[in-house]
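# Fold and geometry: a report
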Amino acid sequence: GVRHLWEGSTDEGAMPLDSTTNMNDTPNLHLPRNTLTANTRYTMRLTAELRGNAAALVYSSVTFSVRQQALVVRIAGGDVRTGEGEPVVLNASFSYDPDEETGAGMMFSWTCARTDAAAPASDCVDISGAPLLAAALAAPVLNLTLPGTAAGAEFTLACRVAKAERWAEANTTVVIVTGSLPVPVIAPVAQKHPANKKLTLSAEVRTASPQALALMWTAAATDSEGRPADELDLAAAATSPQSLSHLVVRPGGLTVGRSYLFNLSATDARGTAWTTVKVVVNEPPRNGRMSISPAEGIAGNTTFSLVTSAWVASGVAALMRRAERLAWRGERNGGPDEASGATGLAWRAEWRP
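Residues numbered from 1 in each chain as written. Predicted model: local features only at pLDDT ≥ 70, side-chain atom pairs only at ≥ 80, totals over all residues. Heavy atoms only, no water.

## Things to note about the overall build of the protein chain
Going by this rule: Helix and strand definitions here come from DSSP, where helices need a minimum of 4 consecutive H or I residues and strands a minimum of 2 consecutive E residues; each element is numbered from the N-terminal end. Between buried and exposed lies partly exposed: a residue is buried under 20% and exposed over 50% of the maximum accessible area for its type, with that area taken using a 1.4 Å probe on protein chains only. The contact rule is simple, with two residues in contact once any of their heavy atoms fall within 4.5 Å. We get accessible surface area from the Shrake-Rupley algorithm with a probe of 1.4 Å; when it comes to residues, only the shown protein chains can shield them.
The helix and strand tally for the protein chain stands at 1 helix and 22 strands. Every one of the 353 residues in the protein chain was classed for burial, and the buried ones make up 35%. Once local pairs closer than 6 in sequence are excluded, the contacts in the protein chain between residues at least 24 apart make up 59%. Total accessible area on the protein chain stands at roughly 19,800 Å², and carbon and sulfur atoms take up 51% of it.

## Side note on the sheet that holds strand 13 (residues 199-206)
The following threshold applies: Pairs of strands are assigned from DSSP output, requiring at least two bridges between the strands. To define axes, lines are fitted to C-alpha atoms, for helices over the stretch in contact only, and angles between the resulting N-to-C directions are given on a 0 to 180 degree scale.
Here 3 strands make up an open sheet; going across it, the order is 11-13-16 and the pairing antiparallel. Sheet topology places strand 11 (183-186) and strand 16 (246-249) at the edges, where each strand pairs with a single neighbour. With direction set aside, neighbouring strand axes in the sheet form an average angle of 20 degrees.

## Focus: the environment of G52
Tracing the backbone shows G52 in the loop between strand 3 (40-50) and strand 4 (57-66). You can call G52 exposed: its relative accessible area is 87%.

## Some details on the side chain of S240
Heads up, the rule is: In protein, a polar contact requires one atom able to donate a hydrogen and another able to accept it; more generally it is a pair of N or O atoms within 3.5 Å, and residues adjacent in sequence count only if both atoms are side-chain atoms.
Examined against the element boundaries, S240 turns out to sit in the loop between helix 1 (234-237) and strand 16. A distance of 2.8 Å separates the side chain of S240 from the backbone nitrogen of V248, its partner in a polar contact. When sequence neighbours within four positions are dropped, the list of residues in contact with S240 reads H246, L247 and V248.

## Details of the packing of aromatic side chains
To keep it simple, the criterion reads: The criterion for an aromatic pair is that two Phe, Tyr or Trp rings (for Trp, the six-membered ring) have centres within 6.5 Å, with stacked assigned to planes under 30 degrees apart, edge-to-face to planes over 60 apart and tilted to the rest.
Overall, the coordinates contain 2 aromatic pairs when judged by the stated rule. Relative to F262, the ring of Y260 lies with its centre 6.4 Å away and its plane at 45 degrees, an arrangement referred to as tilted. Like Y260, the residue F262 is buried in the burial classification.

## Regarding the sheet that holds strand 3
Spatial ordering of the open sheet is given by 2-1-3-4, a layout of 4 strands whose pairing is antiparallel. Of all the strands in the sheet, just strand 2 (13-15) and strand 4 have a single pairing partner and so form its edges. Here the strands of the sheet are splayed against their neighbours by 30 degrees on average, with no regard to which way each runs. With 10 bridges joining them, strand 3 and strand 4 adopt antiparallel strand pairing. Residue pairing across strands places R41 opposite S65, the latter belonging to strand 4.

## Description of unusual backbone geometry
Located in the positive-phi region is N39, a residue other than glycine, with phi close to 60 degrees. Take N39: it is sitting in the loop between strand 2 and strand 3. Of the residues examined, N39 reaches a relative accessible area of 69% and is grouped as exposed. Positive phi values are uncommon outside glycine, yet A164 reaches one of about 55 degrees. When you line up the elements, A164 lands in the loop between strand 9 (153-163) and strand 10 (166-177).

## A few points about the nonpolar core
The condition is simple: Only buried residues count toward a nonpolar core, which is a set of Ala, Val, Leu, Ile, Met, Phe, Trp, Tyr and Cys residues joined through side-chain atoms within 4.5 Å.
Judged by nonpolar contacts, the single largest core of 24 residues is most densely connected at L201, W217, L232, L234, L247, L254 and F262. At the level of elements, strand 13, strand 14 (214-222), helix 1, strand 16, strand 17 (259-268) and strand 18 (271-282) are the ones that each hand at least two residues to this core. Ranked by size, the runner-up nonpolar core spans 23 residues in total, among them V80, V88, F108 and A153.

## Brief notes about the pattern of salt bridges
For the record, the criterion: Counted as salt bridges are all cases of a side-chain nitrogen of Lys or Arg within 4 Å of a carboxyl oxygen of Asp or Glu.
Under the definition given, this model contains 8 salt bridges. Between R166 and D97 there is a salt bridge, and its shortest N-O distance comes to 2.9 Å. Of this pair, R166 sits in strand 10 while D97 sits in the loop between strand 6 (87-91) and strand 7 (107-114), placing them 69 residues apart in sequence. Residue classification places R166 among the buried positions, given a relative accessible area of 10%. One salt bridge connects D99 with R166, and the closest N-O pair in it is separated by 3.6 Å. Highlighted residues: D99 in the loop between strand 6 and strand 7 and R166 in strand 10, separated in sequence by 67 residues. By the burial criterion, D99 is buried, and R166 matches it. By sharing partners, the salt bridges in this structure join D97, D99, K163 and R166 into a single network.

Right, dumping it as C-alpha cells:
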C-alpha cells in the first residue's frame, strides 16, 4: 500500500496538520472553514511512500492564497412601485457575512438619488419637502414616505454594509405615483433555500378596493450580476395558482445554486403596484466521509460507532456536521447467510437540510 503525509506551511513558517481534523494521512487533505487566515499564502506538500520501500517516494505540492468573501447585501421591501403618501419600508437586516468573521459587527449606511427624468436639482426629499437622508442613517431598516408627481417619481436608495475592512453595496428602486395604490408586502425569506424542499412565499396586500384586487406572481432566474435572465415557468414549478397571496413552489422546482427574483404585482381599481423578493437556492454538501468501527459484530451485542467528517457546503453554512442534520439508515446488503445466520448491513449518511 501507499502511505500519505501532508505537511503545510505559510510564508511565516510551518503550519500544524493532524490526522483527526485535517486527515493529513489520507490522499485528501481537509482544511475546515475558519482554520485559514485571510490574506495569507499557503503551501501544502504531499509525500507518498510505498510501504516497505522507504526509497520509493514522490512529492507534490500546491500553493494558494486565501481571501475573504464579499459581504452579501440583501434589501427586503424593494424594488417597489407604490402610491404617494404610502409608507415604504426597506429592510437590509437580512444582509450577511459568508465568512462569519468574528470580532466585528455589521455597519449600515444609506444614500439616496432621485433618478426619474423630472427629478429636481435638489437632493432627495420626503413628502414634507425635508431632506430624505439629512445624515447617513446607520440603521438597517428605513421607514420612508416619498412624494409622487403626475409623471411619477423614481428614487434609487443604496445600502452600504461594512464590516472591518470589507464593504459591499446594493441598490433598490422605489417608484412613487400620484394617488393611492395597493401595497403588496412579501414576508422575508431565509438566506438560503434547499432545492429539495418546497418554497412558500406569503404576502399581504393593503388596498382601498379589495373587491377589485387581482394578484399575479412571476419569477426569473438571475444572471451573475443579479439581473433577471431566464423566466421561470411557474405554471410548471408551482403547486399553487399564481393569483393567490401565497405561492408554493414544489421541491425540485428551482435549480441548485441559482438565485431567483419573485415578483408580486397587485392591481385594484386605482392601478398596479409590485414588489420583489430574492431567493437563493443552496447547494448540497459534498466531499463527505464516513467510517464505522468495528466493521463486523454480533447482532444484539456489538455497539457500532459511525463517524462522519469533511462535509462541506457553499454559503453561510460552509461546514455542517451537527448530529441533528444527519440521518443514518441501515440497508440490508443481500440476504442472511444460511450457514451462519449473519446479515450484512450497508450504512449510509443521508443529509437532511
